[in-house]
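Summary of the model geometry
One-letter residues, chain by chain:
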Amino acid sequence: GAYCMTEGISLFLSRDLPRVIMVDGHGAPTLVRDGLRIRIHPQVHPFLRREVHTFVRWLRANYPFPIRVNVYIPNTKKIRANDGDLCYGRCFVPDDPDDSITIDVAGGYDYDGDFRALQNYTWGTIFMLAHELGHYYQYLNRVSLTPRGIEWQATYYAHRVQEAYYDAEWDEMDEWAEECADES
């Protein structure tokens with residue numbers, strides 16, 4: 001179906017998603033594992049590791065993750081998608097509801113001393129993580145769009161989330177600067 005802005009407005013921004021309860025074959029309810037877990041390869045640049053961990057802490061504080069999503073950032077420039085193509089990120093939703101959703105985002109950056117380039121790469125990695133989380137929320141909300149609409153919506157919300165994160169981080173830095181000025 002065609003994408004309607006008002007239909008998807010709460011896709012990523014909804015903070016009141018309920019806990020998910022599955023019913024097993026005997027009719028017994030069980031809570032589904034929830035939360036956002038991250039694993040970053042030890043060879044990923046320390047600046048990138050720190051910034052991604054900071055972003056993930058902010059995500060956990062601001063968005064619900066009612067079904068477990070595991071994020072892995074390997075030390076590779078690209079990741080092989082399910083169709084065999086190389087890409088920068090992927091979101092894998094398993095057929096078995098007992099398995100967790102997995103997001104992989106490329107984190108291999110060859111640092112050559114250009115810190116601004118490292119910052120730009122880090123910002124791109126954070127954007128890619130937000131984009132893939134958009135697909136996670138599309139799955140949770142059972143969004144039905146064309147393939148182009150799916151990518152457009154995930155990109156749209158990735159920009160919104162990244163802007164909110166940036167604003168929150170700058171607000172925190174402004175508050176810190178004001179506290180320092182008050183102490184002097």
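What comes next concerns the included structure. (Residues numbered from 1 in each chain as written. Predicted model: local features only at pLDDT ≥ 70, side-chain atom pairs only at ≥ 80, totals over all residues. Heavy atoms only, no water.)

1. Remarks on the pairing of strand S4 (residues 69-73)
Taking every second residue as pointing to the same face, the buried face of S4 carries Val69, Val71 and Ile73, while none of Asn70 and Tyr72 on the other face is buried. Relative to S4, strand S3 (residues 36-40) is paired through 5 bridges, and the arrangement is parallel. Considered in S4, the bridge of arginine 39 is made with tyrosine 72. The β-α-β motif built from S3, the intervening helix H2 (residues 46-62) and the parallel element S4 has left-handed crossover chirality. As judged from the 4 bridges shared by S4 and strand S8 (residues 101-105), these two strands associate in the parallel manner. Note that in S8 the partner of valine 69 across the bridge is isoleucine 101. (Buried < 20%, exposed > 50% of the residue type's maximum accessible area, 1.4 Å probe, protein only. Helix = DSSP H or I, 4+ residues; strand = E, 2+ residues; numbered from the N terminus. Pairing = 2+ DSSP bridges. Right-handed = clockwise from strand over helix to strand, strands pointing away.)

2. Some words on the nonpolar core
Membership of the largest hydrophobic core comes to 38 residues, with the highest contact counts inside it found for Val52, Phe55, Leu59, Phe65, Leu129 and Tyr136. Counting only elements with at least two residues in this core, the list comes to S3, H2, S4, S8, helix H3 (115-140) and helix H4 (147-183). Top element by residues in this core is H3. It accounts for 11 residues. Those residues within four positions of phenylalanine 65 in sequence are excluded, and the remaining contacts are Asp34, Gly35, Leu36, Leu59, Arg60, Leu133, Tyr136 and Tyr137. (Core = buried A, V, L, I, M, F, W, Y, C linked by side-chain atoms within 4.5 Å. Contact = heavy atoms within 4.5 Å.)

3. Structural notes on a positive patch on the surface
Together, Arg33, Arg37, Arg57 and Arg60 give the surface a local cluster of positive charge. Residue arginine 60 is classed as partly exposed on the basis of its relative accessible area of 42%. (Patch = residues over 30% accessible without salt bridge, like charges linked within 9 Å, V, L, I, M, F, W, Y side chains within 5 Å. Areas by Shrake-Rupley, 256 points an atom, 1.4 Å probe, with all protein chains shown as cover. Salt bridge = Lys/Arg side-chain N within 4 Å of Asp/Glu carboxyl O. Lys, Arg positive; Asp, Glu negative; His and termini not counted. Charge placed at Lys NZ, Arg CZ, Asp CG, Glu CD.)

4. Some remarks on the sheet that holds strand S7 (residues 89-92)
Reading across the sheet, the 4 strands line up as S3-S4-S8-S7 and stay open at both edges, with mixed pairing between neighbours. Looking at strand neighbours, the two that pair on one side only are S3 and S7, the edges of this open sheet. On average, each strand axis in the sheet is tilted by 15 degrees relative to the strand beside it, whichever way the strands run. Strands in contact with H2 are S3 and S4; relative to S3, the strand with the most contacts, it is inclined by about 175 degrees. (Axes fitted to C-alpha atoms, helices over the stretch in contact; angles between N-to-C directions.)

5. Regarding the environment of glutamine 153
Within the element layout of this structure, glutamine 153 appears in helix H4. In the structure, glutamine 153 is positioned 10 residues away from valine 143 in sequence and 10.0 Å away in space, judged by C-alpha atoms.

6. Re the side chain of aspartate 104
Structurally, aspartate 104 can be placed in strand S8. Overall, the relative accessible area of 9% leaves aspartate 104 in the buried class. Reaching out from aspartate 104, the side chain makes a polar contact with the side chain of arginine 90 at a distance of 2.7 Å. The residues touching aspartate 104, leaving out its near neighbours within four places in the chain, are Tyr72, Ile79, Tyr88, Gly89 and Arg90. (Polar contact = N/O pair within 3.5 Å; in protein donor to acceptor, adjacent residues only side chain to side chain.)

7. Re the environment of glycine 35
Relative to the elements of secondary structure, glycine 35 occurs in the loop between strand S2 (29-31) and S3. Measuring from C-alpha to C-alpha, the distance between glycine 35 and asparagine 70 comes to 8.5 Å, with 35 residues separating the pair along the chain.

8. Side note on unusual backbone geometry
When glycine is set aside, most residues are seen to have a negative phi, and most peptide bonds are trans. Located in the positive-phi region is arginine 142, a residue other than glycine, with phi close to 50 degrees. Mapped onto the elements of the fold, arginine 142 is located in the loop between H3 and H4. When its relative accessible area of 76% is taken as the criterion, arginine 142 is described as exposed.

9. What to know about the pairing of S7
Covered by surrounding structure in S7 are Gly89 and Cys91 only, the residues Arg90 and Phe92 on the alternate face being uncovered. Examined bridge by bridge, S7 and S8 share 4 bridges and lie antiparallel to one another. Looking at the pairing, arginine 90 lines up with aspartate 104 of S8.

10. Topic: the pattern of salt bridges
Between side chains of opposite charge, a pair can form as their charged atoms come close. As enumerated under the stated definition, the model contains 3 salt bridges in all. Measuring nitrogen to oxygen at the nearest pair gives 2.8 Å for the salt bridge that ties arginine 50 to glutamate 51. Owing to a relative accessible area of 48%, arginine 50 belongs among the partly exposed residues under this scheme. For the salt bridge of lysine 77 with aspartate 110, the shortest nitrogen-to-oxygen distance reads 2.7 Å. One end of the pair, lysine 77, is in the loop between S4 and strand S5 (79-80); the other, aspartate 110, is in the loop between S8 and H3, and 33 residues separate them in sequence. Judged by relative accessible area, which is 47%, lysine 77 ranks as partly exposed.

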